[in-house]
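# A closer look at the structure
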Number of protein chains: 2
Amino acid sequence: MTDRQRGIPSIERAEGEPADIAVDAVRAFTADVFEAAGMARADAETVAENFLWADSRGVDTHGVQRIPWYLKWFDQGICDPRAQMTVIRERPTLLSGDGHSGLGQLVATRFVERMVPKAKDSGLCLGTIRMSNDWGCGGWYPHLAASAGLAAIATTTSIPNIAPYGSRTRLFGNNPMAFAFPRREGPPILLDMALTPVALGKVLRAQAEGTELPAQWGFQDRDGSPTNDPATALGGIIPAIGGYKGTGLAMITNLLAGVLSGSAHSGNVEVGKRGQFFLVMDPDVVHPDGAEAYYDAVEDLVAQVRAVDVLPGQAVYLPGELESQQRQARLAAGRIRYPASVVDGLRKAAGRLGLPFTLTD
Amino acid sequence: MTDRQRGIPSIERAEGEPADIAVDAVRAFTADVFEAAGMARADAETVAENFLWADSRGVDTHGVQRIPWYLKWFDQGICDPRAQMTVIRERPTLLSGDGHSGLGQLVATRFVERMVPKAKDSGLCLGTIRMSNDWGCGGWYPHLAASAGLAAIATTTSIPNIAPYGSRTRLFGNNPMAFAFPRREGPPILLDMALTPVALGKVLRAQAEGTELPAQWGFQDRDGSPTNDPATALGGIIPAIGGYKGTGLAMITNLLAGVLSGSAHSGNVEVGKRGQFFLVMDPDVVHPDGAEAYYDAVEDLVAQVRAVDVLPGQAVYLPGELESQQRQARLAAGRIRYPASVVDGLRKAAGRLGLPFTLTD
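The structure reproduced in this document is the subject of the present report. What you see is a predicted model, and the numbers here were worked out from it, not measured in a lab.

Turning next to the nonpolar core. A:Phe181, A:Met281, B:Phe181 and B:Met281 are the most contacted members of the largest nonpolar core, which totals 84 residues. Not counting residues up to four positions away in its chain, the partners in contact with B:Met281 are A:Leu126, A:Leu256, A:Leu260, A:Phe277, B:Gly123, B:Leu124, B:Leu150, B:Ala151, B:Ile153 and B:Val286.

Here it is in structure tokens:
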């Protein structure tokens, strides 16, 4: 299988300078890019909102940095910017979808938007979508559910890079697991975690920026020896959290999102063939005493976390809290600082599509 | 909160010798113990089967080793051996239960037994049970579903011992996550993992046996310094897999099994107030192309795992495979070797209930 089929991103070495870019400008630019690439305006705006959500939360490996990848897929004809999610099977608490190899951020968002009212009507909804794509920032999907007062679990297949424990064959993706639990007010408790000690996007970024990996990230070469060279690490044995536990979760998420969805799975995951799994739950129905009892319990949990004995020099946050604070601060400032490699990618994207590039003016 | 309320087990220092005990004898003995403690015979046999399932699979920290704990709870009146699960709310794809502080292995088993036909009828079933207890070996519950051809996810609250990342206050249980996916033939793919690098039962066992903990287990004292003393480790900061990822999963499983079930949660989990969360799925309904396509994909996944490039000196197993092989071997041999501390506990249990103890004859 070639890199083209895998969709393995190659971030080119950075040219130019980092830049502070206005949030509104990068949002509009992103929508313009996807519209110019062939997407309907409303869909392009949905995708732009997803990217800005990631970037504003500091998960900027999962936002506009990826625009060049997707444009390449469009050019190669392996991802159709106009493709829409269709429903294969629908029951009151079940939805099966097909993404027709469209942009993941679009088809998976439309899929969850379809699940939310079903979960509201029926108390819960389980959904799987096949023939989807890289979905960007995994937390976005349970966040959509939480914005409607629903709790959610989501996972996806991804590029096979985690080896079954004891081997060096990359068979399962470093599949994120994302969970959101709404609170009575404010942002939800939102855990979005991949199964490696650090996001692979950080390794790609180190490669682009020409820096070494910290030893504690635990990357190994193909023979199992430690390495801090990003390229060697990306070609070696990628560690999973908790050893066989993390590699086991990689298999399980592959079964949930790849096998159960009817998508490609394991070593056959490639562009346009990812699968995703979602479970959306209405606390008002699932909690035996209803929504208010649920919210009381969540607030009690938060109060318990706020009251812990913090270690010297440390701070304690709820999952997603730091990201949510960062988003608030960045939206208030109206600007996001992007590294040189990202700015360069956006400039080239504009050039390729014949769009003006005024983000760094 | 006292140890009595927490239900923190104290394994006494071993007296006597390890012993090879006949499987049939220990199963009958276990049923006799629970019947003598007040449980109906059929329920006592269900519990005995659960314990032997754990012990035969080599998960012998979760089997008959725990009999003395439960007898103590019965004596203290904090767990009623006669209590049965009751249904709070039922919908085609939802079940809410109450365990009435009965033995976890009994009420959670009865709960899953009730979920299985619902998932068969409706394609899936989400269930939560409150006022349950320590459920023993977590893999048992998805295993029950997989035996009926269903895939399942399960998690439970447990004794609070994992601190929010950056603190030393034990707030969340080392909650197991268990997953089973049935295969066309033979035992399912079954991942059963707690959120610490090693099971706390192994630390308790080391304490009972008077041995030190290996450094790589990563336990810390209350100030965050490494320790290999079991008692210090049990009183210190217990590590979670992947740092903030594992502590985050501890919070999420607490939200699923504790908060959504309407049970106690976080620092308030104690004997008789645990909650459990289950999701049971029929692959024939969830997979858009039905059961045969699901089984084909699973067998393809297994074939891919069998074909990996194994590292020198290592072996690769499916999750649960080693345990399943061990069970087969132990059942074939008809005997299980128990350590001195466990044999001693069983002898004392027999004495307390006035039962003959002939297991080591």
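Turning our attention to the interface of chain A and chain B. Often the size quoted for an interface is simply the accessible area lost on bringing the parts together. Opposite the 77 residues of chain A that make contact, chain B presents 77 residues. Carbon and sulfur atoms supply 71% of the area buried between chain A and chain B, which totals about 6400 Å² over both sides. Considering only the side of chain A, the residues that lose the most area to chain B are A:Lys245, A:Leu260 and A:Pro288, jointly responsible for 11% of the buried surface there. Run the count over chain A and chain B and you get 6 salt bridges. Taken together, the connections running from chain A to chain B amount to 25 residue pairs in polar contact (both at pLDDT 80 or more). Element by element, the count of residues in the side of chain A that touches chain B is highest for helix H9 (residues 244-259) of chain A, at 9 residues. Looking at the side of chain A that touches chain B, its residues break down into 46 nonpolar, 21 polar and 10 charged.

So, on to the sheet that holds strand E10 (residues 274-281) of chain A. All names here are of chain A. In spatial order, the strands read E2-E3-E4-E10-E5-E8-E9; together these 7 strands make up an open sheet with mixed pairing. Since the sheet does not close on itself, it has two edges, and those belong to strand E2 (86-91) and strand E9 (189-193), each with one partner. On average, each strand axis in the sheet is tilted by 10° relative to the strand beside it, whichever way the strands run. Both E2 and strand E3 (residues 94-98) contribute to a ladder of 5 bridges, which runs antiparallel. Considered in E3, the bridge of arginine 91 is made with leucine 94.

Overall, the coordinates contain 2 cavities of 30 Å³ or more when judged by the stated rule. The space that makes up the largest cavity amounts to roughly 150 Å³. Lining the largest cavity are 18 residues, and of these A:Ile153, A:Met177, A:Phe179, B:Ile153 and B:Phe179 lie nearest its centre.

On to the sheet that holds strand E4 (residues 124-132) of chain B. All names here are of chain B. Pairing in this open sheet of 7 strands is mixed, and the strands run E2-E3-E4-E10-E5-E8-E9 from one edge to the other. Of all strands in the sheet, those bounded by a partner on one side alone are strand E2 (86-91) and strand E9 (189-193). Along the sheet, successive strands turn relative to each other by an average axial angle of 10°, direction set aside. Against the sheet, helix H6 (residues 140-147) engages strand E5 (151-156), strand E8 (177-181), E9 and strand E10 (274-281), with an angle of about 15° to E8.

How each quantity is defined
- Residues numbered from 1 in each chain as written.
- Chains lettered and ligands numbered in written order.
- Predicted model: local features only at pLDDT ≥ 70, side-chain atom pairs only at ≥ 80, totals over all residues.
- Heavy atoms only, no water.
- Core = buried A, V, L, I, M, F, W, Y, C linked by side-chain atoms within 4.5 Å.
- Buried < 20%, exposed > 50% of the residue type's maximum accessible area, 1.4 Å probe, protein only.
- Contact = heavy atoms within 4.5 Å.
- Buried area = accessible area lost by both parts, 1.4 Å probe.
- Salt bridge = Lys/Arg side-chain N within 4 Å of Asp/Glu carboxyl O.
- Polar contact = N/O pair within 3.5 Å; in protein donor to acceptor, adjacent residues only side chain to side chain.
- Helix = DSSP H or I, 4+ residues; strand = E, 2+ residues; numbered from the N terminus.
- Nonpolar A, V, L, I, M, F, W, Y, C, P; charged D, E, K, R; others polar.
- Pairing = 2+ DSSP bridges.
- Axes fitted to C-alpha atoms, helices over the stretch in contact; angles between N-to-C directions.
- 1 Å grid on protein atoms, 1.4 Å probe; cavity = no way out; pocket = protein on both sides within 12 Å on 5 of 7 lines; lining within 4 Å.
- Points joined across faces, edges and corners; volume = space filled by probe spheres on them.

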